[in-house]
Amino acid sequence: IHGEGNASEFITKCRACRQQVRESAGDDDHHEGLSSDDELTPTEMTEFQKSKDNVLEDSRKIFEDVHADFCDIRKILLKFQEWKAKFPDSYCDAYISFCLPKLLNPLIRVQLINWNPLEQNFTELEDMPWFRAIEEFSDAKNVSESK
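The text that follows walks through the structure, step by step, so that each part is easy to find. (Residues numbered from 1 in each chain as written. Predicted model: local features only at pLDDT ≥ 70, side-chain atom pairs only at ≥ 80, totals over all residues. Heavy atoms only, no water.)

1. Section: the nonpolar core
In step 1: In this structure, Ile73, Leu77, Phe80, Leu100, Leu104 and Phe137 are the most contacted members of the largest nonpolar core, which totals 14 residues.
In step 2: For this core, the elements supplying multiple residues, two or more each, are α3 (73-86), α5 (96-112) and α6 (129-146).
In step 3: Examining the composition of this core, we find that five residues originate from one element, α5, more than from any other.
In step 4: Filtering out sequence-adjacent residues up to four positions away, Leu104 remains in contact with Ile73, Ile76, Leu77 and Ile134. (Core = buried A, V, L, I, M, F, W, Y, C linked by side-chain atoms within 4.5 Å. Buried < 20%, exposed > 50% of the residue type's maximum accessible area, 1.4 Å probe, protein only. Helix = DSSP H or I, 4+ residues; strand = E, 2+ residues; numbered from the N terminus. Contact = heavy atoms within 4.5 Å.)

2. Digging into a nonpolar patch on the surface
In step 1: On the surface, a cluster of nonpolar side chains totalling about 240 Å² of accessible area is made up of Val55, Ile62 and Ile113.
In step 2: Summarising the element assignment, Ile62 is placed in the loop between α2 (42-61) and α3. (Patch = residues over 30% accessible without salt bridge, like charges linked within 9 Å, V, L, I, M, F, W, Y side chains within 5 Å. Areas by Shrake-Rupley, 256 points an atom, 1.4 Å probe, with all protein chains shown as cover. Salt bridge = Lys/Arg side-chain N within 4 Å of Asp/Glu carboxyl O.)

3. A look at the packing of aromatic side chains
In step 1: Scanning the model with the defined rule gives five aromatic pairs in all.
In step 2: Geometrically, the ring pair formed by Phe80 and Trp83 is tilted, given 6.0 Å between the ring centres and 35 degrees between the ring planes. Placement of both Phe80 and Trp83 in helix α3 is noted, with a separation of three residues, approximately one turn of the helix.
In step 3: In this structure Trp83 comes out as partly exposed when scored by relative accessible area, which is 27%.
In step 4: A ring pair is formed by Trp130 and Phe131, whose centres lie 5.8 Å apart and whose planes are at 70 degrees; its orientation type is edge-to-face.
In step 5: Exposure remark for Trp130: the relative accessible area of 11% places this residue in the buried category.
In step 6: By way of ring pairs, the aromatic residues Phe80, Trp83 and Tyr91 are connected into one cluster. (Phe/Tyr/Trp six-rings, centres within 6.5 Å; stacked < 30°, edge-to-face > 60°.)

4. A few points about α5
In step 1: Under the 1.5 Å per step criterion, the end-to-end length of α5 is 24 Å for 17 residues, consistent within 8% with the ideal 24 Å.
In step 2: Its axis deflected by about 45 degrees at Asn105, α5 carries its strongest bend there, up to four residues before the proline Pro106.
In step 3: Of all the residues in α5, the buried ones are Ile96, Leu100, Leu104, Leu107 and Ile108. (Expected span 1.5 Å × (residues − 1). Bend = angle between axes of the 7 residues up to and from the residue.)

5. Details of α3
Working note: α-helix, 3.6 residues per turn, so residues spaced by three or four point in the same direction.
In step 1: Helix length check: α3 (14 residues) gives 20 Å between terminal C-alpha atoms against 20 Å at 1.5 Å per residue, within 8%.
In step 2: Among the residues of α3, those classed as buried are Ile73, Ile76, Leu77 and Phe80. With its buried residues spanning 95 degrees around the axis, α3 presents them on a single face. Summarising the geometry of α3, the exposed residues directed more than 90 degrees from the buried face are Ala85 and Lys86.
In step 3: Where α3 begins, one side-chain oxygen reaches toward the backbone nitrogen of Arg74, 2.9 Å away; that side chain belongs to Asp72. (Arc of directions from axis to C-beta. Polar contact = N/O pair within 3.5 Å; in protein donor to acceptor, adjacent residues only side chain to side chain.)

Structure (structure tokens):
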């Protein structure tokens, strides 16, 4: 993955920079493995935030040329529910339950780009609109199958 190489290079550069600062300051009490890469300088934090903002801005443009009916998970699932109600044999023969994860994956991934479960006030997956839409679709599917 392209981003992993950049992050690895960035961390390596940070470590080398901190090592040089320690050596020039004569800091002999440093023990390898006890420092943290979480200690970013203000410049590094600004660079990181800028990169993050660029990624988020680009992610908003991914589906900008797609019709709203095809980039809203709830609307997509509604089309599949209608298909199943009108043509159950065709729906079953198409193995839709196997296709939906691949179909919805890009839409969900875009919505998760900014999700960070390590933040203080992060949104639970179960509270996200795409999760509730899939849950409702699954519940409706189970109700119709039990009839």
